[in-house]
Amino acid sequence: DAGVTQSPTHLIKTRGQHVTLRCSPISGHKSVSWYQQVLGQGPQFIFQYYEKEERGRGNFPDRFSARQFPNYSSELNVNALLLGDSALYLCASSLRDEKLFFGSGTQLSVL
Amino acid sequence: KQEVTQIPAALSVPEGENLVLNCSFTDSAIYNLQWFRQDPGKGLTSLLLIQSSQREQTSGRLNASLDKSSGRSTLYIAASQPGDSATYLCAVSRDNYGQNFVFGPGTRLSVLP
């Protein structure tokens, strides 16, 4: 069975641009969450979606938005990119409150 | 606000040693706690999940304990191997949806052959 897949794996953008990151959960998983991991730190929670509804939002500005589609895949959008948005963006899926399964992440560099 | 700390930040041990990684959290009102492993530049792999009503979980050479009242968890690794070299992170969830986790900064483990 395929694990959590994320695309693209790497991305380079310039300040002020917009970016869309994509995530496909494990088949059967209806819950998807997004995390931002800055080098040397633990991941920080950005969003959780369950059955296409937002169930949680971390302490991130409104430039960050997300959505979940009927097939449970998800997109994370970031507008007006800042240098500080450079990080590894991780997507995770699970069956409600069980173990989290993470994708390999999208490494975003903002120049 | 929940804060998670991990001690030590880095650890280097010879192959075959038993070792303990520590995790502390400030708010004992957690739903569950997970230990993860992360290899450089990669995503996280869940190792053990402990529900708030449980005291410990075991998987192979790994054992994790949870003392919710004192805000502590430990991950015990028996007979360490070079393949265990990675960063180990603990995380606590704040609600029963199970995905809103607060992570610690991790312990970087090196097991020397």
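A few points on the structure.

What counts as what
Residues numbered from 1 in each chain as written. Chains lettered and ligands numbered in written order. Predicted model: local features only at pLDDT ≥ 70, side-chain atom pairs only at ≥ 80, totals over all residues. Heavy atoms only, no water. Helix = DSSP H or I, 4+ residues; strand = E, 2+ residues; numbered from the N terminus. Rg over C-alpha atoms; globule rule 2.2 N^0.38 Å. Contact = heavy atoms within 4.5 Å. Lys, Arg positive; Asp, Glu negative; His and termini not counted. Charge placed at Lys NZ, Arg CZ, Asp CG, Glu CD. Pairing = 2+ DSSP bridges. Axes fitted to C-alpha atoms, helices over the stretch in contact; angles between N-to-C directions. Buried area = accessible area lost by both parts, 1.4 Å probe. Salt bridge = Lys/Arg side-chain N within 4 Å of Asp/Glu carboxyl O. Polar contact = N/O pair within 3.5 Å; in protein donor to acceptor, adjacent residues only side chain to side chain. Nonpolar A, V, L, I, M, F, W, Y, C, P; charged D, E, K, R; others polar.

**Remarks on the overall build of chain A**
So, step 1. When helices and strands are tallied, chain A shows 0 helices and 11 strands.
So, step 2. For chain A, the N- to C-terminal ordering of α and β elements is β-β-β-β-β-β-β-β-β-β-β.
So, step 3. Here chain A has a C-alpha radius of gyration of 13 Å; the compact-globule value for 111 residues is 13 Å, and the two agree.
So, step 4. Taking contacts inside chain A between residues at least 6 apart in sequence as the whole, the part at least 24 apart equals 50%.
So, step 5. Computing the positive centroid from 11 side-chain charges and the negative centroid from 9, chain A places the two 5 Å apart.

**Overview of the sheet that holds strand β1 (residues 5–7) of chain A**
Residues and elements named next belong to chain A.
So, step 1. A sheet is described by the order of its strands in space; here 4 strands give the open sequence β1-β3-β8-β7, paired in antiparallel fashion. Looking at strand neighbours, the two that pair on one side only are β1 and β7 (64–68), the edges of this open sheet. Strand-to-strand, the axes of this sheet are offset by a mean angle of 15°, without reference to chain direction.
So, step 2. Pairing of β1 with strand β3 (residues 19–24) involves 3 bridges; the strand directions are antiparallel. Residue pairing for β3: Ser-7 is matched across the bridge by Arg-22.

**What to know about the sheet that holds strand β6 (residues 56–59) of chain B**
All names here are of chain B.
So, step 1. Ordered in space as β1-β3-β8-β7-β6, the 5 strands form an open sheet in which the pairing is antiparallel. Among the strands making up the open sheet, the edge pair consists of β1 (4–7) and β6. Shown here is a sheet whose adjacent strand axes are inclined to one another by a mean of 15°, direction ignored.
So, step 2. In terms of strand pairing, strand β3 (residues 19–25) meets strand β8 (residues 72–77) through 6 bridges, oriented antiparallel. For Asn-22, the partnering residue across the bridge sits in β8 and is Thr-74.

**Focus on the interface of chain B and chain A**
So, step 1. Tallying the contact residues gives 23 residues for chain B and 25 residues for chain A.
So, step 2. In total, about 1,800 Å² of surface goes out of reach between chain B and chain A, with carbon and sulfur atoms giving 50% of it.
So, step 3. At the junction of chain B and chain A, the tally comes to 0 salt bridges.
So, step 4. One can count 2 residue pairs in polar contact (both at pLDDT 80 or more) joining chain B with chain A.
So, step 5. Sorting elements by how many residues they give to the side of chain B that touches chain A places strand β5 (residues 44–51) of chain B first, with 5 residues.
So, step 6. Among the residues forming the side of chain B that touches chain A, the class breakdown is 10 nonpolar, 12 polar and 1 charged.

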